[in-house]
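Architecture at a glance
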Amino acid sequence: MLKYIIKKLLIGCLTLFVLATITFFGMKAMPGNPFSQDNRALSQEAYEALEAKYGLDKPVTEQYVIYMTNALHGDFGESISKKGQQVADIIISRFPVTAKLGLVAFAIALVVGLVFGIISALTKRRVTNNVITMIATMGVSIPGFLLAILMMILFGVKLGWLPVVGLDSWKHYIMPALALSFSSISMITRLTRSSLKDVMNKDYITLARSKGTKEVMVTVKHGLKNALLPVITYCGPMFAGLITGSLVIETLFSIPGIGREFTSSITNRDYTLVMGLTLFFGAIVIIMNIISDVVAAIIDPRIKLGK
Amino acid sequence: MENREIVYTDDLFEKLDDSEKNSEFIAVESKTFLKDAWDRFKKNKIALAGLIFLVVMVILVIFVPLLSPYSYEEQNMSLRNAMPSLAHPFGTDQLGRDILVRVMYGGRISLAIGFATALINLVIGIVYGGVSGYVGGKVDMVMMGIIDIIYAVPTLLYVVLILMIFGNSIPSMMLAICLTSWIQMARQVRTQVMSLKEMEFSLAAKVLGASNLRILIKHLIINALGPIIVCLTMMVPSAIFTESFLSFVGIGLDLSIPSWGTLANDCRNVIFTYPIQIVWIVVIMCLTILSLNFVGDGLGEALENKR
């Protein structure tokens with residue numbers, strides 16, 4: 001087990017290193033430099049002073065080494081558009097907002113998806129099944145941000161039930177979290193349904209039933225426990241989806257989180273901030289992938305032997 | 001148990017009259033693979049409806065300059081933010097431009113990006129997946145390792161990087177989308193090729209002296225076309241989604257290029273006052289993406305139960 005975790009961690013580090021390198025040289029390849037954006041003309045001395053301050057006068061390879069060593073110590077440099085603010089500080093101050101919203105969305109997706117999946121796998125009523133299938137199909141196809149726009153117009157503007165800006169009370173969470181988790185709900189519903197249906201036809205379920213185990217126990221202990229595996233492996237990619245979604249959802253609902261920071265840093269061409277956030281996002285997704293892989297391997301030891 | 005032996009004697013059988021012997025008669029019309037698939041596809045009403053909607057959409061989108069009395073940029077200051085009427089079925093926007101016409105022009109770019117990226121992915125995916133699956137061994141391990149590393153990072157980060165380096169034009173958007181989405185296709189092709197190359201017909205071709213390239217293209221890829229086409233259809237909506245959501249947030253295409261994303265971005269500032277404008281775009285987009293998914297599902301069922 002330990003060997004498996006170490007292997008996963010090493011691959012994760014390698015991936016992050018590749019990402020950092022690509023981002024660094026990508027930023028260097030970008031046309032223009034951060035200071036040519038300024039409207040006021042810079043004198044030659046001021047320009048050189050700025051370049052020296054950000055270390056841009058050194059050769060690229062040296063800049064790369066400096067950047068990587070600093071990044072390892074958690075220092076991503078100073079934001080270019082927000083003078084005097086450290087990139088790391090911006091991330092630390094904005095991240096809790098996104099994390100809270102993301103966790104709420106994650107919980108909704110997991111609970112609703114599992115419940116829908118279980119109902120749809122076990123029910124004998126066709127109507128119930130059809131309704132759930134329809135929701136699941138829509139969720140997989142319709143992008144979350146389109147749903148967010150529609151909800152915003154319906155519940156926020158027309159009916160006035162829910163606030164549309166900010167993230168102050170629990171009411172503020174409803175729409176963004178729902179929009180964020182919509183596609184994950186459908187994915188988890190689909191995964192749970194197909195794997196639970198599969199498992200419920202296995203011999204050991206019949207055996208458990210024939211021994212007189214209560215149906216609830218059979219479903220939860222013998223059925224669900226074995227059916228959960230695909231859902232757990234999906235949790236890793238799901239975090240990537242949540243982060244991608246946070247970008248547009250936070251911008252749409254004006255939520256001061258890290259996703260909105262990312263969009264505005266791109267629009268402002270704030271290179272250091274973009275790089276810092278890219279690495280941060282990448283690291284989160286990679287870590288989440290490792291966690292879901294490891295949990296899956298703990299549940300089903302066959303996995304680590306390789307498919 | 002009783003052990004009974006049946007003795008077959010001639011008098012148990014009756015001779016068929018010569019007039020009834022028509023072994024050459026074919027009771028069912030012989031069908032080609034495509035005809036067979038099309039017949040199955042037609043039975044799926046939802047998929048058929050999706051296909052019809054898509055065909056109508058594509059025709060409208062292509063011929064919109066000929067059909068419409070208004071141009072994309074034509075402004076009518078006396079008719080700003082008009083509600084739907086006979087002259088403007090979807091109403092007009094803040095500058096008095098016809099929304100229906102604008103949505104159709106937007107569809108041109110969005111659909112073009114969707115289909116073009118899917119085709120590029122097809123080519124890259126077949127080459128990469130085909131080689132990796134056919135050669136196997138160490139080559140396969142390295143090629144799949146590269147894919148795993150690319151895939152571990154959320155698509156979004158690459159897309160943002162590419163757009164920042166190469167500008168917010170259509171080609172760079174397509175490059176950005178292709179950069180990660182070909183992986184899905186490559187994986188699909190690889191799995192197919194790996195299972196098909198073990199089959200007898202592939203061995204037979206080898207024995208007859210066919211070159212590796214010929215076996216790969218003529219025998220393996222052709223036989224894997226079903227799953228490949230399904231994968232291809234599913235790529236179009238995801239490309240449309242990526243483009244539209246980035247443009248909507250303002251970091252995708254340049255706002256002067258009409259696509260569904262940029263149009264939605266355009267309507268964002270009147271979302272509270274004239275929500276209907278953005279609703280049109282959202283509805284058309286949802287219908288298109290849903291249709292594509294339905295067609296993909298239908299094709300999957302029609303092509304795959306061949307085997």
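Scoring rules and cut-offs
- Residues numbered from 1 in each chain as written.
- Chains lettered and ligands numbered in written order.
- Predicted model: local features only at pLDDT ≥ 70, side-chain atom pairs only at ≥ 80, totals over all residues.
- Helix = DSSP H or I, 4+ residues; strand = E, 2+ residues; numbered from the N terminus.
- Rg over C-alpha atoms; globule rule 2.2 N^0.38 Å.
- Buried ≥ 20, exposed ≤ 12 C-beta atoms within 10 Å, placed from the backbone.
- Contact = placed C-beta atoms within 7 Å.
- Axes fitted to C-alpha atoms, helices over the stretch in contact; angles between N-to-C directions.
- Parallel < 35°, antiparallel > 145°, perpendicular 65-115°, else oblique.
- Left-handed = near helix turned anticlockwise from the far one by under 90°.
- Nonpolar A, V, L, I, M, F, W, Y, C, P; charged D, E, K, R; others polar.
- pLDDT = per-residue confidence, 0-100.
- Core = buried A, V, L, I, M, F, W, Y, C linked by C-beta atoms within 7 Å.

1. Observations concerning the overall build of chain B
Within chain B, the secondary structure is distributed over 11 helices and zero strands. Across chain B, helices and strands are ordered from the amino to the carboxyl terminus as α-α-α-α-α-α-α-α-α-α-α. Relative to its length of 307 residues, chain B is extended, with a C-alpha radius of gyration of 27 Å against a globular reference of 19 Å. Per-residue burial for chain B yields a buried fraction of 39% across its 307 residues. Taking the intrachain contacts of chain B between residues at least 6 apart in sequence as the baseline, contacts between residues at least 24 apart amount to 66%.

2. Some remarks on the overall build of chain A
The helix and strand inventory of chain A stands at 12 helices and zero strands. Projected onto its principal axes, the C-alpha positions of chain A cover 85 × 55 × 30 Å. Across chain A, contacts joining residues at least 24 apart in sequence account for 75% of those joining residues at least 6 apart.

3. Comments concerning the packing of helix α4 (residues 87-122) of chain A against helix α10 (residues 229-252) of chain A
Residues and elements named next belong to chain A. Contact pair α4 / α10: the axes reach a minimum separation of 11 Å and the direction vectors enclose 130°. The orientation of α4 relative to α10 falls into the category oblique. Pair α4 / α10 crosses with right-handed handedness. Of the residues in α10, those touching α4 at Thr98, Leu101, Gly102, Ala105, Phe106 and Ala109 are Met238, Leu242 and Ser246.

4. Some details on the environment of Thr233 of chain B
Residue and element names in this part refer to chain B. Tracing the sequence through the fold places Thr233 in helix α9 (residues 225-249). What makes Thr233 partly exposed here is the crowd of 18 C-beta atoms within 10 Å. For the pair Thr233 and Arg102, spaced 131 residues apart in the sequence, the C-alpha separation amounts to 25 Å. The residues touching Thr233, leaving out its near neighbours within four places in the chain, are Leu292, Val295, Gly296 and Leu299.

5. Topic: the interface of chain A and chain B
Of the residues lining the interface, 33 residues belong to chain A; the matching set on chain B comes to 28 residues. Residue assignment for the side of chain A that touches chain B shows that the elements contributing at least two residues are α1 (2-29), α6 (144-158), α10, α11 (258-267) and α12 (271-299) of chain A. Its residues assigned to classes, the side of chain A that touches chain B shows 22 nonpolar, 11 polar and no charged.

6. Describing the confidence of the model for chain B
With 97% of its residues at a pLDDT of 70 or more, chain B shows a mean pLDDT of 83. Taken over the whole predicted complex, pTM reads 0.80, whereas the ipTM for its chain interfaces reads 0.77.

7. Points about the nonpolar core
Among the nonpolar cores identified, the biggest contains 142 residues, and Phe145, Ala148 and Ala179 of chain A together with Val160 and Ile281 of chain B are the most heavily contacted of them. Looking at which element gives the most residues to this core, the answer is helix α11 (residues 275-304) of chain B, with 14 residues. Residues in contact with Val160 of chain B, not counting those within four places in the same chain, are Ile266 of chain A together with Ile251 of chain B.

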